[in-house]
Amino acid sequence: MTDTFVVVGGDAAGMSAASKAKRDHPDLEVVVFEKGEWVSYGACGMPYYVEGTVADLDELISLTPEEIIEDRDIDLRRFHEVVAVDTVARTVTVRNEDGTFEQGYDHLLLATGAAPTTPPVEGVDLDCVFTLSSLDDAEGIREALEAEEVTEDLVGSSEGAVVQFIRDRDPKRVAVVGGGYIGLEMADVLRTRGCSVHLFQRSDHVLSHYDEDVATVVEEHLREHGVTLHLGSAVEGIEGDAAGDAEAVVAEDGRTEVDMVVLGTGVRPRTALAEEAGIDLGPTGAIATDEYRETSAPDVYAAGDCAEAVNVVTGEVDYVPLALTANRHGRAVGQTVAGTPTLAGGVARTAISMVVEMEVARTGITDEDEAREYGFDPVSRTVTTKSRSGYYPGSEPITVHMTACRRTGRLLGASIAGTDRAGKRIDTVAAALHEEATVAELERYDLAYAPPFSPVWDPVLTAAKVLN
Ligand code: FAD
């Protein structure tokens, strides 16, 4: 009899696992349950849909349901929510519009993702207060932005005329709550759409997972481009008007009138199914797994934003809800289930964002207090050099902050900001972290050089030189 592989969640981790398992083991019966309409979508592209750079939501879809079912021979069931797991009977309970039923499994993957958190204040349920977690959220924000923008006399006009009309109107006043990468990307795209943007951040700097030096560079850049920063100003409430629409944000620094609020205050792993099934969570609150992504229940795996991973710098478990990890870990589970046990690999917290044409990226650990908590003896340096040879046109400043352990010389992390191809330079540092390189070894890396691309010493090498 063929084995059945059941996947809960039809996005990055779930579809990567399902596709890989089916490809490697075509006889395997692969069933994917997705509670919503959308599957195999690029959540990372949602800000650009709100911006308008991505015109249509369908463009964010990697594989259509038809391709998944017909080309990949995967039994995809949308609008099917898994509501319980019985790890002894090896069944899941599934709810759809007709009621509930049981589905048996030989292997099960929990790929339920993460849910947005909202601040514990009044007013988060008002109309015109949004989170950005699903394609439906993205659609809602774009519709709200466009609601009053297109007047009757423009119906039937060309798209260009509508866009020009939008730009000429009084700007909408938008509050973005949260200065993490989603908050900053949203501040950027809303500004591009002509909104006047107020960004509220509880701590004293945006990008709280970054070091202060790079965060400060980003803050100056945001201010220069018209974003009003409310730093060290926790939001205490959102006030509504008589119609129930958001009208003002009340924060520690006062009351700001707005037309719309976007919450980017973080995510938490969706673990309810696992918890109720008696599956262990780890210290981060996400689902605990071994190096093959198997949970405390035999043949039950967890991958993506609902699960923990091991940090390559600290060797400890970490929670880093990012897309490559979800795809990579999902794929590894698929390969394991298909018969080839495959290590999923660790995470280095490598992340990159575009903030008003400034590329901002980080990897590893650059917060010295955190590094000390893990037993390192951290030392950091910040250098600002050029993106290309000084004489070559288009050269712009790049700021690199790098941290190492003074005792061992081991590289611990870096962050980078700059407007000229700064961001992907972080990948060199990420690769060095995976190799547990010292900062002296990084300094000796043979990186490519020609004047249009970098100075002879790439900014990453210069930072390593200064730190070494
Ligand atoms: P998800 O994509 O959340 O998918 C989980 C799926 O499971 C959902 O479709 C959900 O409906 C379904 N589900 C949940 N519970 C059940 C159930 N009980 N039954 C059936 N189905 C269920 N990452 C980056 O690396 N780079 C970026 O630039 C980036 N940008 C982002 C921008 C935004 C606005 C957002 C929200 C995220 C961004 N991310 C980015 C994060 C990235 O999107 C996630 O890490 C990735 O989508 C995680 O994939 P996943 O499969 O684990 O979870």
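So, how was this worked out
Counting starts from 1 at the beginning of each chain's written sequence and moves along it residue by residue. Since the coordinates come from a predicted model, pLDDT governs what is reported: local features require at least 70, and pairs of side-chain atoms require 80 or more to be given and counted, while whole-chain, interface and lining totals use all residues. A run of DSSP states H or I qualifies as a helix once it reaches four residues; a run of E qualifies as a strand once it reaches two. Both are numbered from the N-terminal end. Here the globule rule reads 2.2 Å times residues to the power 0.38, and the radius of gyration is calculated from C-alpha atoms. The exposure scheme places C-beta atoms from the backbone and then counts, for each residue, the other C-beta atoms within 10 Å of its own, assigning buried at 20 or more, exposed at 12 or fewer, and partly exposed in between. We call two residues in contact whenever the C-beta atoms placed from their backbones are within 7 Å. The criterion for a residue being near a molecule or strand is simple: its C-beta atom, placed using the backbone, must lie within 6 Å of it. Gly counts as polar in this scheme, as do all residues outside two lists: the nonpolar Ala, Val, Leu, Ile, Met, Phe, Trp, Tyr, Cys and Pro, and the charged Asp, Glu, Lys and Arg. Take the number of residues in a helix, subtract one, and multiply by 1.5 Å to get its expected span. UniProt positions are given in the numbering used here, feature names are shortened, and annotations may be inferred rather than shown by experiment. Here, strands pair whenever DSSP counts at least two bridges between them. The axes are straight lines fitted to the C-alpha atoms, using for helices just the contacting stretch, and the angles between their N-to-C directions are given from 0 to 180°. Joined through C-beta atoms within 7 Å, a set of buried Ala, Val, Leu, Ile, Met, Phe, Trp, Tyr and Cys residues constitutes a nonpolar core. Convention used here: angles under 35 degrees read as roughly parallel, angles over 145 as roughly antiparallel, angles from 65 to 115 as roughly perpendicular, and any remaining angle as oblique. Left-handed describes a crossing whose near helix is turned anticlockwise from the far helix by less than a right angle; the clockwise case is right-handed.

Our focus in this paragraph is the overall build of the protein chain. Of regular secondary structure, the protein chain possesses 13 helices and 25 strands. Here the protein chain has a C-alpha radius of gyration of 24 Å; the compact-globule value for 468 residues is 23 Å, and the two agree. For the protein chain, the spread of C-alpha atoms along the principal axes amounts to about 70 × 65 × 40 Å. Of all 468 residues assigned to the protein chain, the portion counted as buried reaches 45%. Taking contacts inside the protein chain between residues at least 6 apart in sequence as the whole, the part at least 24 apart equals 63%.

To continue, consider the site of the ligand. If you check the shell around the ligand, you find 33 residues, and the closest are Gly-9, Asp-11, Cys-44, Gly-113 and Gly-304. Counting only elements with at least two residues in the shell around the ligand, the list comes to α1 (12-24), β2 (29-34), α2 (46-51), β4 (81-86) and α9 (323-337). Per-class residue counts for the shell around the ligand are 19 nonpolar, 8 polar and 6 charged.

Turning to α1, a few remarks are in order. Counted at 1.5 Å a residue, the expected span for α1 with its 13 residues is 18 Å, and the 18 Å between its end C-alpha atoms agrees. Counting buried positions over the 13 residues of α1 gives 11, a clear majority of the element. For α1, the complete set of buried residues consists of Ala-12, Ala-13, Gly-14, Met-15, Ser-16, Ala-17, Ala-18, Ser-19, Lys-20, Ala-21 and Lys-22.

With that settled, the discussion passes to the UniProt feature "domain: Pyridine nucleotide-disulphide oxidoreductase dimerisation" (unreviewed entry) in the protein chain. In the numbering used here, UniProt assigns the feature "domain: Pyridine nucleotide-disulphide oxidoreductase dimerisation" (unreviewed entry) to residues 353-455. Between the end C-alpha atoms of residues 353-455 there is a gap of 23 Å, over a span that is 19% helix and 35% strand.

If you walk across this open sheet you meet the 5 strands as β9-β16-β10-β11-β12, and the pairing is parallel. Strands with a single pairing partner mark the edges of an open sheet, and in this sheet they are β9 (129-131) and β12 (228-231). For this sheet the average axis-to-axis angle between neighbouring strands, irrespective of direction, equals 20°. Pairing geometry for β9 and strand β16 (residues 260-263), over 3 bridges, is parallel. Among the inter-strand pairings, Val-129 is bridged to a residue of β16, identified as Val-261. Of the strands in this sheet, β9 and β16 touch helix α4 (residues 135-147), which is tilted by about 145° from β9.

Attention now moves to the sheet that holds strand β13 (residues 235-240). Hydrogen bonds between backbone groups are what pair the strands of a sheet, and the pairing can be parallel or antiparallel. Sheet architecture is open: 3 strands sit in the order β13-β14-β15, paired in antiparallel fashion. Two strands in the sheet have a free side with no partner beyond their single neighbour: β13 and β15 (254-257). Pairwise comparison of adjacent strand axes, ignoring direction, gives a mean angle of 20° for this sheet. Inspection of the sheet shows β13 paired to strand β14 (residues 246-251) by 5 bridges, in the antiparallel sense. Bridge pairing in β14 links Val-235 to Ala-251.

It is worth spelling out the environment of Val-429 at this point. Secondary-structure assignment places Val-429 in helix α11 (residues 426-434). Residue classification places Val-429 among the buried residues on the basis of 30 C-beta atoms within 10 Å. Among all residues touching Val-429, those that are not within four sequence positions of it are Thr-363, Gly-364, Ala-414 and Val-460.

Ranked by size, the top nonpolar core spans 135 residues in total, and within it Leu-110, Val-218 and Val-261 carry the most contacts. At 7 residues, the largest contribution of residues to this core is made by helix α6 (residues 181-192). Those residues in contact with Val-261, other than ones at most four positions away along the chain, are Cys-128, Val-129, Ala-175, Val-177, Ile-238, Ala-246 and Val-249.

Let us now look at the packing of α1 against α9. The interhelical angle for the contact between α1 and α9, taken along N-to-C directions, is 30°, at an axis separation of 7 Å. The orientation of α1 with respect to α9, classified from their angle, is roughly parallel. Handedness of the α1/α9 crossing: right-handed. Judged by residue contacts, Ala-12, Ala-13, Gly-14, Ser-16, Ala-17, Ala-18, Ser-19, Lys-20, Ala-21 and Asp-24 of α1 engage Ala-323, Ala-326, Asn-327, His-329, Gly-330, Arg-331, Val-333, Gly-334, Gln-335 and Val-337 from α9. A per-class count over the contact of α1 with α9 returns 9 nonpolar, 8 polar and 3 charged.

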